[in-house]
Amino acid sequence: MALDLTPDELLSTTRAVRKRLDLTRPVEREVLEECLQLAQQAPTAGYGQNWHFVVVQDAEQRAALGELWRQVAYPYIEKRMEGREGQALRIGDAVVHLAEHIHEVPVHVIPCIEGRYEGESNALAASMFASIIPAAWSFMLAARSRGLGSVWTTFHLIHERKAAEILGIPYEEVTQVSLIPVAYTLGTDFKPGPRKPLDTMVHWDRW
């Protein structure tokens, strides 16, 4: 059932959900399909929508992906969280929580784009990712509007070839962009996150 959110509420309360994912409630295929159909409507470059979504519900495959994810997440957190406090420490704690339970999250969604871009110019890589990332964000917004939580993650990409083998993705022809855990949320009362004052990150005409 869709949440009663205004566009501004949807945009400002679609959070990176790590701790409040309901690990016990299945996500209906028809709900995922609704979100994916909306993702298809995202603005796209003129490449004929050469992107794909791999939706992983199989428990064994999620467990295998979760193991790849943890192999990168734990060392990263150990290094990055040393001496941190406040919001950074809370985010680190949430990432550890997700690492411990990622295999239990009922759905993993992996956006992909045709082609490989290692060694290519930043301009080319940016132009290719410019379609799949808005589509993935549209999927995440659509999920939020239906009571689902998600978070953009990239840890598993360190082991992208192994993930491709697990999922049957043709590695030489298709690039994985992220792994998005998806589940219904424990409560739907998400609020805007704390952010820096606008004038600390917006530059008018010049840096």
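Keep in mind that what you see is a predicted model, and the values were worked out from it rather than measured.

Rules used in this analysis
Residues numbered from 1 in each chain as written. Predicted model: local features only at pLDDT ≥ 70, side-chain atom pairs only at ≥ 80, totals over all residues. Heavy atoms only, no water. Salt bridge = Lys/Arg side-chain N within 4 Å of Asp/Glu carboxyl O. Buried < 20%, exposed > 50% of the residue type's maximum accessible area, 1.4 Å probe, protein only. Helix = DSSP H or I, 4+ residues; strand = E, 2+ residues; numbered from the N terminus. Lys, Arg positive; Asp, Glu negative; His and termini not counted. Polar contact = N/O pair within 3.5 Å; in protein donor to acceptor, adjacent residues only side chain to side chain. Contact = heavy atoms within 4.5 Å. Core = buried A, V, L, I, M, F, W, Y, C linked by side-chain atoms within 4.5 Å. Phe/Tyr/Trp six-rings, centres within 6.5 Å; stacked < 30°, edge-to-face > 60°. Lys NZ or Arg CZ within 6 Å of the ring centre and 35° of its normal.

1. Some words on the pattern of salt bridges
Throughout the structure, instances matching the rule amount to eight salt bridges. As a salt-bridge pair, arginine 116 and glutamate 118 come within 2.7 Å of each other at their nearest N and O atoms. Residue classification places arginine 116 among the buried positions, given a relative accessible area of 17%. A salt bridge links glutamate 160 to arginine 116, with the shortest nitrogen-to-oxygen separation between them at 2.9 Å. Residue glutamate 160 is located in helix α6 (residues 160–167), and its partner arginine 116 is located in the loop between β2 (107–114) and α5 (122–145); the two are separated by 44 residues in the primary sequence.

2. Details of the side chain of arginine 15
Mapping arginine 15 onto the fold places it in the loop between α1 (7–13) and α2 (29–39). For the buried arginine 15, no salt bridge is present, and the opposite-charge side chain at shortest range is aspartate 189, 11 Å distant. A polar atom in the side chain of arginine 15 sits 2.8 Å from the backbone oxygen of serine 12. When sequence neighbours within four positions are dropped, the list of residues in contact with arginine 15 reads Ser150, Phe190, Lys191, Pro192, Gly193 and Arg195.

3. Observations regarding unusual backbone geometry
Positive phi outside glycine occurs at aspartate 205, with the angle close to 70°. Counting through the fold element by element, aspartate 205 comes out in the segment after β5 (180–184).

4. Observations concerning the nonpolar core
Ranked by internal contacts, the top residues of the largest apolar core, which has 27 residues, are Leu65, Trp69 and Leu98. Contributions of two or more residues to this core are made by α3 (59–80), α4 (87–101), β2 and α6. It is α3 that contributes the most residues to this core, six residues altogether. When near neighbours in sequence (up to four residues on either side) are disregarded, leucine 65 contacts Val56, His108, Ile110, Ala163, Ile166, Leu167 and Leu179. Core analysis: the second largest hydrophobic core is formed by 26 residues, Val31, Cys35, Met140 and Val177 among them.

5. Section: the packing of aromatic side chains
In this structure the tally under the stated criterion is five aromatic pairs. Taking 6.3 Å as the distance between ring centres and 35° as the angle between the ring planes, the aromatic pair formed by phenylalanine 53 and phenylalanine 139 counts as tilted. Here phenylalanine 53 is found in strand β1 (residues 51–56), whereas its partner phenylalanine 139 is found in helix α5, with 86 residues between them in sequence. The same class applies to phenylalanine 53 as to phenylalanine 139, namely buried. Through pairs of rings, three or more aromatic residues link up here, namely Trp51, Phe53 and Phe139. Over the aromatic face of tyrosine 184 sits the side chain of arginine 25, whose NZ or CZ is 3.6 Å from the ring centroid.

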